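This is what each chain is made of:
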Amino acid sequence: MKQDFTYKSQDGHHIEISAYGVDHFGERPCLLYLHGFKGFKDWGFVPFAGEYFVKAGFSFIAFNFSHNGIGADPLAFTELEKFEKNTYLRELKETEELIHLCVHTDFFGMYLKHKLGLIGHSRGGGVALLSGNNSPDVSAVCTWASISTVERFTKQQRETWRKQGYWEVVNSRTKQVFRLGLDMLNEIERFGKSKLNILKAVQDLDRPLLMLHGQEDESVPFFEAEQLNIYADPARARLRLIPNAGHTFGAKHPFEASGKALDEVLDLSADFFRNHLIQ
């Protein structure tokens, strides 16, 4: 059973949440899903993944970061001014609030009696690694096509970004032009090697980690997964290459059907969380 909720963050912003398996929340381990850049909780494979994990014995919580650009229409980017003001630290703070919501409150009807795991896709993978390292309430982390660094722009690009006051990116699906504001650039330059250092977070992570990455990822090259793996503790971490798979493991939006790559990602993730969240 899926149920939608609205949570008001400590900063006063609305965060839309979809809880899968909410009728059993608290009685099963919980997975908290973090979407990536230009992603959202109802994109493509996310609802399918939610239903899959419920059948596999978990509760599954997906949410929209408050400034991801999605407004009243859950499938359309209509709040581009918020998108422009989004930052990594905002997403980290909101993730930590959602972790607290899952573990320490009865927001979803009852208190969680089992462990919590994080799943992060793309940029959400980086946020999951940073959050997982920061929070003792997270018992295991699984990344799907995760970034390895927030420093993704050349010096020349950053100079142009600062000069014009924004950086433009195109959504290839909707053809909309999104802007990234100076707050994002300021964070990257100030904290990229400290509190937003994903490789350092992986190095310090003392919990089980599974990294899944498509062999033909066109958005986040596989070498970023290899970088994460170099820094990860080999006793706790595992990297798995998904053959013939791109950034979304063959899935599109609107979602049509699962395929071999996505099935493998879901099966590997479920096995990983069974091993580390179920006592």
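Please read these numbers as outputs of a predicted model, since none were measured by experiment.

**Student:** Give a description of helix H3 (residues 88-104) that names residues and reports values.
**Tutor:** Taking 1.5 Å per residue as the helical rise, H3 with its 17 residues ought to reach 24 Å, and the 24 Å between its terminal C-alpha atoms agrees with that figure. Looking at H3, one finds that the buried residues are Tyr88, Glu91, Leu92, Glu94, Thr95, Glu97, Leu98, Ile99, Leu101, Cys102 and Val103. The backbone nitrogen of Arg90 has a side-chain oxygen 3.1 Å away, supplied by the residue at the start of H3, namely Thr87.

**Student:** With reference to specific residues and values, describe the side chain of Asn171.
**Tutor:** Among the secondary structure elements, Asn171 is positioned in the loop between strand S7 (166-170) and strand S8 (177-181). In this structure the side chain of Asn171 is engaged in a polar contact, spanning 2.9 Å, whose partner is the backbone nitrogen of Arg173.

**Student:** Can you lay out the nonpolar core for me, pointing to particular residues and giving the numbers?
**Tutor:** One finds Ile17, Leu32, Phe53, Phe60, Phe108 and Trp144 to be the most contacted residues of the largest nonpolar core, which totals 90 residues. With nine residues, helix H9 (residues 260-277) is the single largest residue contributor to this core. In this view, Phe60 contacts Ser18, Ala19, Tyr20, Leu31, Tyr33, Val46, Ala49, Gly50, Phe53 and Ile119; residues no more than four positions away in its chain are not counted.

**Student:** Give a description of the environment of Ile99 that names residues and reports values.
**Tutor:** By the element assignment, Ile99 lies in helix H3. Ile99 sits 15 residues away from His114 along the chain, and the two C-alpha atoms are 13 Å apart. The contacts of Ile99, once residues within four sequence positions are left out, are Leu32, Leu116, Leu118, Ser131, Ser135, Asp137 and Val138.

**Student:** Can you break down the pairing of strand S10 (residues 237-242) residue by residue, with the values?
**Tutor:** The sheet contact formed by strand S9 (residues 209-214) and S10 spans six bridges and is parallel. The residue of S10 that forms the bridge with Leu210 is Arg238. The parallel pair S9 and S10 is bridged by helix H8 (residues 222-231), and the resulting crossover is right-handed.

**Student:** Describe the packing of aromatic side chains, naming the residues involved and giving the relevant values.
**Tutor:** The final tally for this structure, using the stated rule, is 24 aromatic pairs. For the pair Tyr7 and Phe107, a centre-to-centre distance of 6.0 Å together with 90° between the ring planes defines the contact as edge-to-face. Here Tyr7 is found in strand S1 (residues 2-8), whereas its partner Phe107 is found in the loop between H3 and strand S5 (116-121), with 100 residues between them in sequence. Classification of Tyr7 by relative accessible area gives buried; the value is 13%. Under the relative-accessibility criterion, Phe107 is labelled partly exposed at 27%.

**Student:** Describe the packing of H3 against helix H4 (residues 123-134), naming the residues involved and giving the relevant values.
**Tutor:** At their nearest, the axes of H3 and H4 sit 10 Å apart, and the two run at 60° to each other. Considering the angle they form, H3 stands oblique to H4. By crossing handedness, the relation of H3 to H4 is classed as right-handed. The residues of H4 that touch H3, namely those facing Tyr88, Glu91, Leu92, Thr95, Glu96 and Ile99, are Arg123, Val127, Leu130, Ser131 and Asn134. Classifying every residue of the contact of H3 with H4 by side-chain character gives five nonpolar, three polar and three charged.

**Student:** With reference to specific residues and values, describe the pattern of salt bridges.
**Tutor:** Under the counting rule described, the total for this entry stands at 16 salt bridges. Salt-bridge contacts for Lys93 lead to Glu97; the nearest nitrogen and oxygen are separated by 3.0 Å. Pair noted here: Lys93 and Glu97 are both in helix H3, with a separation of four residues, about one helical turn. The residue Asp204 makes a salt bridge to Lys200 at a minimum N-O spacing of 2.6 Å.

Reading the values: rules and limits
- Residues numbered from 1 in each chain as written.
- Predicted model: local features only at pLDDT ≥ 70, side-chain atom pairs only at ≥ 80, totals over all residues.
- Heavy atoms only, no water.
- Helix = DSSP H or I, 4+ residues; strand = E, 2+ residues; numbered from the N terminus.
- Expected span 1.5 Å × (residues − 1).
- Buried < 20%, exposed > 50% of the residue type's maximum accessible area, 1.4 Å probe, protein only.
- Polar contact = N/O pair within 3.5 Å; in protein donor to acceptor, adjacent residues only side chain to side chain.
- Core = buried A, V, L, I, M, F, W, Y, C linked by side-chain atoms within 4.5 Å.
- Contact = heavy atoms within 4.5 Å.
- Pairing = 2+ DSSP bridges.
- Right-handed = clockwise from strand over helix to strand, strands pointing away.
- Phe/Tyr/Trp six-rings, centres within 6.5 Å; stacked < 30°, edge-to-face > 60°.
- Axes fitted to C-alpha atoms, helices over the stretch in contact; angles between N-to-C directions.
- Parallel < 35°, antiparallel > 145°, perpendicular 65-115°, else oblique.
- Left-handed = near helix turned anticlockwise from the far one by under 90°.
- Nonpolar A, V, L, I, M, F, W, Y, C, P; charged D, E, K, R; others polar.
- Salt bridge = Lys/Arg side-chain N within 4 Å of Asp/Glu carboxyl O.

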